[in-house]
Structures are given as C-alpha cells and as structure tokens.
Amino acid sequence: MSGGVVAIVPARGSSTVGATVEALIGTGRVDRVVVVDDGSRDDTGSRAAAAGAMVVRPGCNLGKGGAVGVGIDAAPDALRYLLVDADLGDTAAAVVGLLDPLERGDAEMTVARFPPAAGRGGFGLIKRASASLIEWLCGERVTEPLSGQRGVDGPLLRSLRLAPRFGLEVGLTVDAVRAGARVVELPLPLDHAHTGRTVAGFRHRIRQGVDIVRAASVRMGAGSTRVVGVAALGVVTALCCVLLAPSTPTPRVRADAHRSVVLVTVAFTKLADLEEPTLPNMAALADRSAGALAPRTPSAPGDQASGYSTIGAGAPVVMVSPEQDDVEIEEITGLLGDDDDTIGAGPAIGATPDGRVIRVVTRLVRSSDSRSYGRPGLLGDTLRAAGVGRTYVGARSGGSGRHVPAALALMDSRHHIDHIERGALPLAPGPGLDDAVRNRVDAVRTAVRRGDVVVLDAGGAPQMWPATNGPMTDDDRAAREHRRLGQIEVTDALLGALRQADLDATVLVVGLAPPGAWRLTPVLELDSGGQGRSGALGSTSTRHVDESLLTDVAPTLLALKGIDVPRDMVGAPIGRADVPSSRSSLTSLSNRAEYRDRVYVPMIMGFVIAQGVVYLLAIVGLRRRRKGAPGGQGILEVAERFALAFCAFPVATFLWRLMPVGLQVPWVAAVGFLCTTLVLATLAWHCRHHPLSPIVWLAGLTVLVEVVDAATSGALQHVSLLGYTPVTAARFYGMGNMGYAILGAGAILLAGSWAAARRTMPEAPPSAESGRRRWTRAEGLTAAGVLFAVVLLVEVAPSMGADFGGVLSFLPVFAGLLALWAGVRVTWLRAIVGGLLCVAAVVAFVWWEGRTGGDGHVSRFAQGGLPGMWDTIVRKGATNLRVMRITFWTWMVPIIVVFIVGSLTAGGGWRRWFGNAREWGVTFSGLLAFGVIGGW
C-alpha cells in the first residue's frame, strides 16, 4: 500500500503499546501503524504485532529521534504521518484529530496540547525553557514544545533532519518553521503515563534537558557564525591550557669551586628505610633536605658495579664480566683477603698496594647492550682536567675494607684515582663502632682539606646464597633483612658523626642498588656542622621538586664545583627547591610506586588476555549472525559490553590515581579499577544516540581527563597504572607512552564522531542546499581541527605533555584525517606534499626548541648536533624494539590483526560495517594508521 496515513509509534518496554495500536487502527483513518521496537527487552514488539502493527526492530536502542527516523524509512511513501507515543493507550484514538488541519491545507504540522497534568508531572522547567528556545531560534510561540503527538505532511517530515533522542520535538518545530511550514497546536483529550516528581522522573527530565540543549545548540545562528565560534572556543581552550600549565619550582645548586664535595654512597638501601626508628640521623636529614632518587640502571637491582659506573659516566652503564676471565681465585683472596663478606654476588673491585690505581679484580667491561651508552670514567676525566683531586674513603659495613666498588664512580678512563683510603666499619652497631666511625670521618676531613671530591663508600651488600643451600626460607629472609638493617644503622651512625664534624664541604648522601627489586632510594644533603639548609631535593630531569635520577649525581658534583657538565652526561644537577622537605610525602611516593609495580603485571596481562578472548567471541558472533544462526546477536551484545569496559579501563585507572595511597594497595586498587570501569561502562551504555555513541562518550571523557590533567598538574600520569613510575627511569613528567596512545586514539574517535554528525545537522536560516551542506561540513571539520590542535598542543608543549615523539605520529595522522573527512582526493603528489609539510613542521619545532635553550627532551635533542641527534634516534629505535620484545602490550598486535581480518571476513566486510558512513570508515582507518605509526 502506498500513500495514505502512517502512524509511527516508537516504543521501548511499553505495557500499553497494544492498546495504543488498537485505538489508532480502530479510528479507520490510519492506513498503517509502524511500531519501532527501540531495544525493548520484553515482549513489546510481539504485543504490537498482535494488535495489528508493522513492527520494526533496529537492533539497538536509538532513542526517540532515531526510532522515528527508522519508522520513516519503513514507510517512505506516506502522504501524512502521525507521530504517537506508545503510552497513550485508549486515548490514542483522539490523535487522528491532528489530521484535520493538514487535510484542509491550514497547516503542514500539527501538535497536540494535553489537558493539565494536575500535579502528576514535574515543575515545568524543561517545558518552559524549551518554549523559550523555540521562540528564540525561529520566532514561533508554542505552548506544547515537548508534545510527541504530531501530524506532519509526508514531504515535509522526510525533508527534515531529525534531532536525536528527546531533542526530536524541539528540533521538529524549529526546522519546520524555518522551512516555511505552518505549525498549529490543537487541544485533544489525551492522557499518558506521567513520570511525576520521583527520582526516575527527575532523571528522565535531566536526560531530556541534555538532549534538548544538544538539539538547540546545532541550530543556533548561521553556519559561518558557528564555525567562527568553534574556532574561537578552540583558541580560548588553548590559551587556558597554556596559562594553567604547571610551573615547577626550579631546584638551585650553590656552586663553590673552593668548597669540597663529599658523596656518601649508601648501598643496599631504599627510601622506605627513612621510616625505620633505628635510623634517627637519616630521618633528621630527611625532615630538612631530602628527595627520592630513581637508582635504576639497565642491570639487576643488586648490581652495584653498574650503579657506581653509571654515577661515573653520568649516563646509563651496564658492566659485565668478559666470557674469558683470567683472574685466579688466589689473586682475589690475595688482594681482598678471604674474610670479605660484602662482595655478595657482584664483582670484586680492589686497588693496587700503592692505593692510587683501581684494580678490577673480577674484570668488567661495558656491555654492548644499547641500554648501556655511558662512558665509564667521564666524571673522573672531567675532574682531573679541572685540576680537582679525587679521593675514595671506604666505610662499608663488614669485610676487610679492601673491596672498593664505589671507586668506580670517581675513577678516570685509565682506572686512576688520586687517593684511596681503604677501610671498613663493623657489620652492626656494637663496641668499637664509635672509634671506627671517627677514623673514617678523619679520613674524609683530610681529603676535604685538600679540596678533593670525595666518595665515602657506606652501606653493604647482601650475602651470597649458593645454590647448594637450597631455597631460602622465611627465617633466612628475615636474617638477611636483619643483617641489612644493621649495616644501614652503622651508616646512620656515620652520618650522625658527619653532621657534627666541622667539614667545610657539601655532603650529598645517595642510596643505590636497593635490595631484591628496584625501589626508590633516598638522596639527602647536609652542610658543615650539620647545619643543613631546608628544602626538597630534585632535578629538572624529573621536573618534580623531590625526585631525581642516578644519572643526575655526576652533573651535581660538577655543578657544586662550578665545572661545566659534558654533553655526554644526560642528567641535570640535583638542587634544592623552595619547597619544604617532607619525609611522609617521600615514603608515600615510595609506597605508591611499589604498589603500582606489584599490580601492573597481573592487571595488564589480564586486560590483554581478556581482549583477545572477547574479540574472538565477537568474530564468532559476527559469523553466526551473518549465517542467520541463533545466538549471534546475543553474543555480539555480550562482546559489546566487554568492549565498552575495555574502552573505560584507561580513564578509570587515571581517575583511581586520585585516591589516597592507602587505596593503592594492589588488591584494593585492582578492585577499584574494575568497579570504576564498570560504572563508566554502564553509564556509557545508556548514551546511545548512535550505535557508536557509548565508545565516543568514553573517548570524550578520556580526552577531557587527560587534557585537563596535562594542563594543570600531570598528577594522573605520575605513578599511575597506565602512566609512568619513577622506578622505571623511562619518563618522569609530561605524557607517558600509554597516555599518549590513549589520548590520540580518543581524540581520533571524538573528532570522527563530529565529522560524521555535523555533516547531517540542519542549517539555519534556510538557504540553498549546497550552502547548508558546505557550512555543516565546515562546522564539523572545524570542531575536529580545533580538537586536534588542542591535543597536539597539550601533548607536545614542554610545560604540559612534553612528548615530542607525539608530533611524529599526531601531525601526519591528524592532517590526513582532516583532508579525507573534507573529501580531498588522495594522489601521490598530494601525499608527498603533505608529508613534506609535516617534516618541515617537525624540523621547525626542533630548531625553535634548540634556539630557546630549554631543558626539555626536544631542546637537549636539538642542542646535541647532528651526531648527537643520530645517536639519540638510534638508541630510541633500539629501545623501542627491545621493549616490543618484552612488553605485554606487544601481544595486542596479533590480537588486533586477527580481529580485523576475522571481523571483515566473518562480518561481511568493510562496506557492511560502515555502509555509506564514509566518515566512520575514514576514522577507523585513521586509528589503524595511528597505531602503526605511533608504535614505531
């Protein structure tokens, strides 16, 4: 049947839909009743069909606006349409009165006015606001702006772009009036289910208000005005990001070429030791001037030789023993003695009898691993060239004192050091400790009077545990920990004596080689007579006032002596900021980092494996649905729920970072991640303006959270599950690698939704159709371009994301997407020109950073010259390849490939997925390109 009157009834979980359909058919004036079963989970569709309606099921909840659009598509030849709510019941028969003005030619759209609700409705705020919006947008005064009971001429309704969900009615009135249609309101004896002043009613009206605002916002002003407005909003947002960008207090180093420097290295310690009640001197120093040190080297935590060599190189060094070691056991025992129990499992470092040349007893060479790129002895060479003497003073707990590993920090490239004062302290506090400590302090005082840079080698080493002893028991571990704490207590007594000594020197205390696993270690400072100035210790390497790196120690020693730091040293001097030192905040940082490392592997492994399982399940569901087998749609709905949870997981982890450290305990954090993820995914599930709306909603939330965080404090990236941790020594500020990937993917999805949606939005005032399409497309592209610009600024700006690598993938992907969304035809010439422009932009940025002389990654990269740049690129490439071999995230590559290939074959191909929605096809192609380029 063609033409006639078609009643469209959107219904979702309606108990009265059958009565509504019967009432409409019973009037004799309705030719067809089309019920759109909009995602009902009950028998709504069956009851409507039994009453005589044609039932259409879109497969998911589209909302009122989308459901009416489906109804129009099901009856595209109707002469007139009646839009009827499913909850009218028997009173629906009166709706046909809306046809009379249409048939007489007195109106093109009619709207039903309900009798007064008599207190059964809300307060009328949404209704009055909607009426005001309609009058402001098109000049029409209406009394029933939200009435869903309407009669519309067929050609008029089919020419309008329907607003989504509950914005349908406001959009219909505005668009009809702007199109020149006459709108007439008629009082009719209708009644429907009132939501009242209940919680559910207010929740419904809030959703309704949001949808109305969305519908009105895209109908405000001309397209050119909205384009300018979107661009202006982007400029304001960018300015706000720049103005809100955090400024970290700059640590200051007090240089004095005539003042000696004493570096106290405390092996086998960690930051958490500051809370031990048996270490009063370390605690007192921490309360005045302290910070956290990331002591990680590319080798194992207990590798002291690599740690000391890293100090001496000012860059990461891995020291390994050659395969052919010609040193005999007798030679080791002859030089060190057979009673030295501080060697542990590491190499033995001794000195020749004259005490001036380091003798590597167990020979060491620098590893050829790309992670090891420092030059051992660089600090010693620099000090020797400046005429500064170097002295090693042994003060390790236990052993003969002939083991001198910390001398590696001050040796030059010829294994030479000016003075070696071998010695040792007792293994634990007891009789004779005071005399031994006094002897070591006297040795330091002698070196200080010469103006030397002194390394005071304190702490100890774990005892070796031969394999023949079998596995360690809890008692064995407790005994080892008791021994370690005894050694640290001896060091604490040494620090107390140094505080009381009249040393004309700056004393810097650093911990390294933490026991068991990588942990943050303390860095402390004291001055002559123990009158240490207060303030947190940090460096510009981390941009945190109380954090620094092991590679910062060498630049610090040189800066304190007023000596220029060589370019080969990658660190920055550790200085004191005008911020109070807080022992509690340092231990809190240490706990956060430890908890994060303990929960990272199981959470990420579970996250990756779960995605592999769910994506395989989705392929099965696509295949079953394509073949018409039962259960296919149900499987896909389950997979969709899990996919939403996967999308919500990253932002959930960032938000959980706001919780106090007590809630970061591994099992608590794991539960928190999951609960937050489920809450966000559930909220997103109800945002279904479009089948992809839930994912877009989560993408928008993720982008918002990351942009606001980067533009304010960056706290959500710091020590968070998908951010970075100072223990890893990979990144310490700005946007982490995972944060960058999440931000880029979210921005592409969000921009793609705007490019796809704005193209179909209505335009006001009415104009030529070509002009309407041009401006609506320009509005969407402008919004997408503004988003990309803000994201690029936040990602690359040194004061925010500080991630120059982001520009290498963001620029080509963002530019390519904007061009494709704009309909630019891709040719080889255009692709080459676009690539050259991106390269020129990158080169210009690097040049500008190099000229400004900042302290960011790009500035140091640009100032290194072409050889330094090439060396950095090679090391970064090697690091990326190494990380790809060991990280769990690499597992995602085959998972994604299998999912794409399987879904495109089992699901019917790309065209079945996206149909004519070209923008969405381009968007997902951009996501794949971003993953490939960003991964490299």
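Calculation rules
- Position numbers for residues start from 1 in each chain and track the written sequence from start to end.
- Given that the model is predicted, a residue must reach a pLDDT of at least 70 before its local features are reported, and side-chain atom pairs must reach 80 or more before they are shown or counted; all residues, however, enter totals for whole chains, interfaces and linings.
- With hydrogens and water stripped out, all remaining heavy atoms of the structure feed into the side-chain values.
- The secondary structure listing takes helices from DSSP runs of H or I that are at least 4 residues long and strands from runs of E that are at least 2 residues long, numbered from the N terminus.
- Exposed residues in this analysis have more than 50% of their type's maximum accessible area, buried residues have under 20%, and partly exposed residues fall in between, with area computed by a 1.4 Å probe over protein chains only.
- Here, two residues are considered to be in contact whenever any of their heavy atoms come within 4.5 Å of each other.
- The accessible surface values rely on the Shrake-Rupley method and a 1.4 Å probe; as for residues, cover is taken only from the protein chains in view.
- A patch consists of residues whose relative accessible area exceeds 30% and which take part in no salt bridge; residues with like charges are grouped when within 9 Å of each other, and nonpolar side chains (Val, Leu, Ile, Met, Phe, Trp, Tyr) when within 5 Å.
- Put simply, a salt bridge is a Lys or Arg side-chain nitrogen that is within 4 Å of an Asp or Glu carboxyl oxygen.
- By the counting rule applied here, Lys and Arg register as positive and Asp and Glu as negative, while His and the ends of each chain are not counted.
- Every charge is mapped to an atom, namely NZ of Lys, CZ of Arg, CG of Asp or CD of Glu.
- By the convention used here, strands pair only if DSSP detects at least 2 bridges between them.
- All axes here are fitted lines through C-alpha atoms, helices being fitted over the stretch that makes contact, and every angle between N-to-C directions spans 0 to 180 degrees.
- Residues belong to one nonpolar core when they are buried, are Ala, Val, Leu, Ile, Met, Phe, Trp, Tyr or Cys, and are joined through side-chain atoms within 4.5 Å.
- Helix span is expected to be 1.5 Å times the residue number reduced by one.
- When we speak of the arc, we mean the arc of directions from the helix axis to the C-beta atoms.
- Centres within 6.5 Å make a pair out of two Phe, Tyr or Trp rings, where for Trp the six-membered ring is used; the pair is then stacked when the planes are under 30 degrees apart, edge-to-face when over 60, and tilted otherwise.
- Criterion for a charge above a ring: Arg CZ or Lys NZ at most 6 Å from the ring centre, at most 35 degrees from the ring normal.
- Classification remark: right-handed applies to a crossover when, strands pointing away from the viewer, the course from the first strand over the helix to the second runs clockwise.

Novice: What exactly am I supposed to notice about the overall build of the chain here?
Specialist: Each helix and strand in the chain was counted, giving 29 helices and 23 strands. For the chain, buried positions account for 52% of its 936 residues. For the chain, restricting intrachain contacts to residue pairs at least 6 apart in sequence, the fraction spanning at least 24 positions comes to 76%. Per element, the accessible surface of the chain, about 40,000 Å² overall, is 61% carbon and sulfur.

Novice: When you look at unusual backbone geometry in this model, what are you seeing that I'm missing?
Specialist: Peptide bonds are trans in most cases, and residues, glycine excluded, mostly fall at negative phi. For phenylalanine 268, which is not glycine, the phi torsion reads 65° and is therefore positive. On the secondary structure map, phenylalanine 268 appears in the loop between strand E8 (260–267) and helix H10 (280–288). Using a relative accessible area of 6% as the deciding quantity, one classes phenylalanine 268 as buried.

Novice: What is the right way to look at a positive patch on the surface in this model?
Specialist: On the surface, Arg12, Arg41, Arg207 and Arg641 cluster together to form a positively charged patch. On the secondary structure map, arginine 207 appears in helix H8 (residues 199–217). What makes arginine 207 partly exposed here is its relative accessible area of 41%.

Novice: Would you mind going over the sheet that holds strand E7 (residues 183–187) with me for this structure?
Specialist: Two pairing modes exist for strands in a sheet, parallel and antiparallel, and in both the strands are linked by backbone hydrogen bonds. Pairing is mixed in the open sheet, where seven strands are placed in the order E3-E2-E1-E4-E6-E5-E7. The sheet is open, and its two edges are formed by strand E3 (54–56) and E7, each paired on a single side. Neighbour-to-neighbour, the strand axes of the sheet open up by a mean angle of 20°, direction not taken into account. Docked against the sheet, helix H7 (residues 168–178) engages strand E4 (80–83), strand E5 (109–113), strand E6 (150–153) and E7, running at close to 35° with respect to E6.

Novice: Whenever I open this one, the pattern of salt bridges confuses me. Can you help?
Specialist: Side-chain pairs of opposite charge can arise where the charged atoms are in close proximity. This structure, assessed with the given rule, holds 31 salt bridges. A salt bridge links aspartate 504 to arginine 259; the shortest N-O distance between them is 2.9 Å. Placement of the pair is aspartate 504 in the loop between helix H15 (474–500) and strand E19 (505–512) and arginine 259 in the loop between helix H9 (223–244) and E8, with a sequence separation of 245 residues. Among the salt bridges present, the one from arginine 583 reaches aspartate 287, with a minimum N-O distance of 3.1 Å. One end of the pair, arginine 583, is in helix H17 (residues 583–627); the other, aspartate 287, is in helix H10, with 296 residues separating them in the sequence. We classify aspartate 287 as partly exposed; its relative accessible area is 42%.

Novice: Explain the nonpolar core to me, please; I cannot follow it from the model alone.
Specialist: Looking at soluble globular proteins, one finds that nonpolar side chains tend to be buried together. Judged by nonpolar contacts, the single largest core of 50 residues is most densely connected at Val262, Val264, Leu456, Leu494 and Leu520. It is helix H14 (residues 433–449) that contributes the most residues to this core, eight residues altogether. Val707, Ala710, Val794 and Phe814 belong to the second-largest nonpolar core, a separate cluster that totals 45 residues.

Novice: Even after reading the chapter, I still don't get helix H5 (residues 125–138), so can you show me in this structure?
Specialist: One turn of the α-helix equals 3.6 residues, which is why residues spaced by three or four share an orientation. Between its first and last C-alpha, H5 extends 20 Å over 14 residues, near the 20 Å set by a 1.5 Å rise per residue. All of the buried residues along H5 are Ser130, Ala131, Leu133, Ile134, Leu137 and Cys138. The buried residues of H5 occupy an angular sector of 160° when projected down its axis, which confines them to one face. Away from the buried face of H5 by more than 90 degrees, exposed residues Leu125 and Trp136 are located.

Novice: Help me understand the packing of aromatic side chains in this model?
Specialist: Aromatic rings in a pair are described by how distant their centres are and how their planes are angled relative to each other. Counted under the stated rule, the structure contains ten aromatic pairs. On the numbers, 4.6 Å between centres and 25° between planes, the contact of phenylalanine 607 with phenylalanine 649 is stacked. Taken together, the residues span a long stretch of sequence, with phenylalanine 607 in helix H17 and phenylalanine 649 in helix H18 (residues 632–656) at a distance of 42 residues. Taken as a pair, phenylalanine 607 and phenylalanine 649 share a single burial class, namely buried. Centroid distance tyrosine 740 to phenylalanine 930: 5.6 Å. Interplanar angle 65°. Geometry classified as edge-to-face. Within this pair, whereas tyrosine 740 is found in helix H21 (residues 737–757), its partner phenylalanine 930 is found in helix H29 (residues 918–935), the two being separated by 190 residues in sequence. Note on tyrosine 740: relative accessible area 9%, which makes it buried. Linked through ring pairs, Tyr740, Phe788, Phe810, Phe814, Trp821 and Phe930 together constitute an aromatic cluster. In this structure, arginine 641 is placed above the aromatic ring of tryptophan 685, and the distance from its NZ or CZ to the ring centre is 3.7 Å.

Novice: How do you make sense of the pairing of strand E2 (residues 32–37) when you look at a structure like this?
Specialist: Of all six residues making up E2, six are buried, and the element is well covered by its neighbours. Here E2 shows a buried face lined by Arg32, Val34 and Val36 and a second buried face lined by Val33, Val35 and Asp37. In this structure, strand E1 (residues 5–11) lies alongside E2, joined through six bridges in parallel fashion. For alanine 11, the partnering residue across the bridge sits in E2 and is aspartate 37. Handedness of the β-α-β unit built from E1, helix H1 (residues 17–26) and E2 comes out right-handed. In the sheet, E2 pairs with E3 via three bridges, with the strands oriented parallel. Across the sheet, valine 35 pairs through a bridge with valine 55, a residue of E3. Each parallel crossover has a hand, and for E2 linked through helix H2 (residues 44–50) to E3 it is right-handed.

Novice: Before we go on, may I ask you to explain the sheet that holds strand E16 (residues 419–421) in this structure?
Specialist: Across the sheet, which stays open at both edges, the eight strands sit in the order E16-E14-E18-E8-E19-E20-E9-E22 with mixed pairing between neighbours. Whereas interior strands pair on both sides, the edge strands pair on one side only; in this sheet they are E16 and strand E22 (547–549). Neighbour-to-neighbour, the strand axes of this sheet turn through a mean angle of 25°, independent of strand direction. As paired strands, strand E14 (residues 390–394) and strand E18 (residues 453–459) are joined by five bridges and run parallel to one another. For valine 393, the partnering residue across the bridge sits in E18 and is leucine 456.

Novice: What should I look at first to understand helix H3 (residues 63–74) in this one?
Specialist: An ideal rise of 1.5 Å per residue puts 16 Å on twelve residues; H3 measures up with 17 Å between its terminal C-alpha atoms. Listed as buried for H3 are Gly63, Lys64, Gly65, Ala67, Val68, Val70, Gly71 and Ile72. Those residues of H3 that are buried are in contact with E1, E2, E3, E4, helix H6 (154–159) and H7.

Read these as layout, nothing more, since geometry by itself doesn't imply function.
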